[in-house]
Amino acid sequence: MQQDQYSAVMEKAGKTLSQKNIPDVPEEFQNIKISVLRVKVFRFVTKVKRRIMRRFGR
Amino acid sequence: MSRIVQILESYAYGDGIGNHVTALHRELQKRNIPSAIYANTVDERLRNYAEHIDAYCAEPDDIILYHLSTGSDLNRKVHQYGVRLLINYHNITPPEFFSEYSEELAAGQKKAYEDTVFLADKAESVVSDSKYNSNELAKMGYRCPLHSIPIFMDFSDYEKKPNAETVQQYSDGITNIVFVGRIAPNKKQEDVIRDFYYYTKYFNPNSRLILVGNYRGFEGYYLRLKAYVKKLGLKNVVFTGHIRFDKILAHYHTADLLLCESEHEGFCIPLVEAMFFGIPIVAYNSSAIGETLGAGGVLLNEKNPKYAAAVMDQILSDRALRTVIIKQQKEELRRFQHDVVADAYIKYLLGE
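Report follows, based on the coordinates. (Residues numbered from 1 in each chain as written. Chains lettered and ligands numbered in written order. Predicted model: local features only at pLDDT ≥ 70, side-chain atom pairs only at ≥ 80, totals over all residues. Heavy atoms only, no water.)

Each helix and strand in chain B was counted, giving 12 helices and 13 strands. Against the 2.2 N^0.38 benchmark of 20 Å for 352 residues, chain B shows a C-alpha radius of gyration of 21 Å, consistent with a compact globule. When burial is assessed residue by residue, chain B has 59% of its 352 residues classed as buried. Contacts in chain B between residues far apart in sequence, at least 24 positions, make up 68% of those at least 6 positions apart. Separation of charge centres in chain B, based on 40 positive and 45 negative side chains, amounts to 5 Å. (Helix = DSSP H or I, 4+ residues; strand = E, 2+ residues; numbered from the N terminus. Rg over C-alpha atoms; globule rule 2.2 N^0.38 Å. Buried < 20%, exposed > 50% of the residue type's maximum accessible area, 1.4 Å probe, protein only. Contact = heavy atoms within 4.5 Å. Lys, Arg positive; Asp, Glu negative; His and termini not counted. Charge placed at Lys NZ, Arg CZ, Asp CG, Glu CD.)

This is how it looks when you write it as structure tokens:
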């Protein structure tokens, strides 16, 4: 995008945001934790599902 | 005439590097230049093109074009054939992106980096998919000539018929924000979700986010992303998982905007695919993304999800702006046309 068009888009985005007063996201990704056990179970279940699907040609 | 021998760890069907290798092989054959492909693993569907690396007998005039993109025992052996060695560098994702999710994958990437450094004084020259990749090699100690030529892309594949059912499912008047790329920590799908949260909540509730890509190998990251979506209360986020090519095409056919927040790309094929399909692109300016986009799309210089949402809204609600962006993207697409890339590769390989 050309510089003048880019600046116009960014300026307009800034104006929109100042009018809307949007609160911050309620949760940040870094606070989300998944246990190792859950990942292992998920991997196992996915593997079994994949084998069943392959077996029945789906 | 010298034979061009392409060597790679895994010759996979349908992936970016596999397609690139096949396209170059066909191009060489078209120009009556002897060409062969050898790999450690060869997909059954590509058996007509390639043989296992153990079958390779080097001939004195051979020129090896070694595709470097991953950790492999070949990285330490390929210089031992005693013939001219050129490297085609496709980039290696830094291990720090993976260490939280898979020690094994992170160790593999670390080894790949070490192997790349090891090869620094072994190659006659290197061709990379982007200047970003070439600069990376220069930092790793490569002093040989470094060239940049975009990866081969077969646009005729994109003209194939999309999956009709998927097209129908997503042509329901809801705005489709799409990101295409495997579920992997360097792609930063969590930032795409965060941008979308602001967009759908404060600009356009009649919208959905579709994350197209395989999560195999990064199940832990995938589950975290799903949990994040739930925590944000988003009901309109679709994870497709691994899907057939005709379904990927269907998502491109029904996409209204491609949003990319990736923090490490050596090229980023989905950007060019979006250009082809006339989908406006909003992307974070990292690694090779700015270079691939050129003057097309809208590059975000900082990670600011509210800004990203506001920019997306502007593009999607302003037809004239959208038209300008798509037109500029189409112009950029010319750099990736098959003939342009083919001529550059042949010139490079023949040393013209």
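This paragraph deals with the state of the cysteines. Residue and element names in this part refer to chain B. The full count for this structure, using the stated rule, is zero disulfides over all chains. Summary of cysteine pairing: C268 is not part of a disulfide, and the nearest cysteine sulfur, belonging to C260, is at 4.4 Å. Judged by its relative accessible area of 5%, C268 falls in the buried class. (Disulfide = S-S within 2.5 Å.)

All names here are of chain B. Using the criterion set out here, one finds 22 aromatic pairs over all chains in the structure. Centroid distance Y38 to Y56: 4.9 Å. Interplanar angle 40°. Geometry classified as tilted. Taken together, the residues Y38 in strand 2 (residues 35-42) and Y56 in the loop between strand 3 (50-52) and strand 4 (63-68) connect sequence positions 18 residues apart. For the pair Y158 and F276, a centre-to-centre distance of 5.5 Å together with 50° between the ring planes defines the contact as tilted. Of this pair, Y158 sits in the loop between strand 7 (146-148) and helix 4 (164-170) while F276 sits in helix 8 (residues 269-277), and the two are 118 residues apart along the sequence. Relative accessible area serves as the criterion here: at 18%, F276 is assigned to the buried category. (Phe/Tyr/Trp six-rings, centres within 6.5 Å; stacked < 30°, edge-to-face > 60°.)

Residues and elements named next belong to chain B. Burial runs high along strand 2: six of the eight residues are buried. With seven bridges joining them, strand 1 (residues 4-11) and strand 2 adopt parallel strand pairing. Of the residues in strand 2, the one forming a bridge with Q6 is I37. Of the pairings in the sheet, the one linking strand 2 to strand 3 comprises three bridges and is parallel in character. Its bridge partner being in strand 3, A39 is matched across the sheet by H52. (Pairing = 2+ DSSP bridges.)

Okay, the interface of chain B and chain A next. Counting residues at the interface gives 37 residues for chain B and 29 residues for chain A. Regarding the contact of chain B and chain A, the summed buried area is about 3,100 Å², with carbon and sulfur atoms giving 65% of it. Together, L223(B), R224(B) and Q314(B) form the three largest contributors to the area buried by chain B at its contact with chain A, with a combined 20%. Put simply, chain B and chain A have three salt bridges between them. Here R194(B) ties to E28(A) by a salt bridge, and the two come within 3.3 Å at their closest N and O atoms. Elements that contribute at least two residues to the side of chain B that touches chain A include exactly helix 5 (189-202), helix 6 (219-231), strand 13 (298-300), helix 10 (305-317) and helix 11 (319-333) of chain B. At 10 residues, helix 6 of chain B tops the list of elements feeding residues into the side of chain B that touches chain A. Partitioning the side of chain B that touches chain A into residue classes produces 23 nonpolar, seven polar and seven charged. (Buried area = accessible area lost by both parts, 1.4 Å probe. Salt bridge = Lys/Arg side-chain N within 4 Å of Asp/Glu carboxyl O. Nonpolar A, V, L, I, M, F, W, Y, C, P; charged D, E, K, R; others polar.)

Residues and elements named next belong to chain B. With phi around 80°, C268 is a residue other than glycine that occupies positive phi space. Its location among the elements puts C268 in the loop between strand 11 (257-260) and helix 8. Positive phi outside glycine occurs at S287, with the angle close to 35°. Tracing the sequence through the fold places S287 in the loop between strand 12 (281-284) and helix 9 (289-293).

Function cannot be read off these values alone, since they describe shape.
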